[in-house]
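Overview (structure and organization)
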Amino acid sequence: RSVEELLVEKFKDFKAADERNWHNLREEITRSKESVLSELAEQQNHNVKQLSELMSLRDRQRDRELQLLREHTETAMLEVKSSIGSVHMASYKAQSEQQALAAAEARFTE
């Protein structure tokens with residue numbers, strides 16, 4: 001065999017080995033890409049679930065705060081109604097006392 005034939009044969013061997021290396025590298029890149037995409041999808045699902053739980057917690061907290069606000073408002077309204085009732089009673093009592101005083105004065109002045 002000639003040197004040229006040996007060189008051509010070695011070149012073909014290197015070329016075949018190089019093609020196998022490139023093929024293996026492409027396969028590894030594809031597997032890595034699929035793995036990364038899978039992990040990202042799992043992380044996204046986890047993040048969505050976590051965000052959903054946080055929003056649910058926030059909604060429950062807001063509902064509790066609204067309930068407390070309603071209760072405080074109802075209590076304040078009852079206190080206002082009670083105060084108005086007390087004012088009316090005091091007014092009626094004062095009017096009654098005025099009428100009684102006016103009637104007593106009328107008797108003394110007759």
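Up top is the structure these notes are about.
Our subject in this report is the structure included herewith.

What counts, and where the lines are drawn
Residues numbered from 1 in each chain as written. Predicted model: local features only at pLDDT ≥ 70, side-chain atom pairs only at ≥ 80, totals over all residues. Heavy atoms only, no water. Helix = DSSP H or I, 4+ residues; strand = E, 2+ residues; numbered from the N terminus. Areas by Shrake-Rupley, 256 points an atom, 1.4 Å probe, with all protein chains shown as cover. Salt bridge = Lys/Arg side-chain N within 4 Å of Asp/Glu carboxyl O. Buried < 20%, exposed > 50% of the residue type's maximum accessible area, 1.4 Å probe, protein only. Patch = residues over 30% accessible without salt bridge, like charges linked within 9 Å, V, L, I, M, F, W, Y side chains within 5 Å.

1. Quick look at the overall build of the chain
Helix and strand content of the chain: one helix and zero strands. Projected onto its principal axes, the C-alpha coordinates of the chain cover approximately 160 × 15 × 5 Å. Accessible surface, the chain as shown: approximately 10500 Å² in total, 59% of it carbon and sulfur.

2. Notes on the pattern of salt bridges
Across all of its chains, the model carries four salt bridges by this definition. Notably, a salt bridge pairs aspartate 63 with arginine 62, separated by 3.8 Å at the nearest N-O pair. Judged by its relative accessible area of 42%, aspartate 63 falls in the partly exposed class. For arginine 62, a relative accessible area of 42% gives the class partly exposed. A single network of salt bridges, built from pairs that share partners, joins Arg58, Asp59, Arg62 and Asp63.

3. Quick word on a nonpolar patch on the surface
On the surface, a cluster of nonpolar side chains totalling about 320 Å² of accessible area is made up of Trp22, Leu25 and Ile29. For isoleucine 29, the position within the fold is in helix H1 (residues 3-109).

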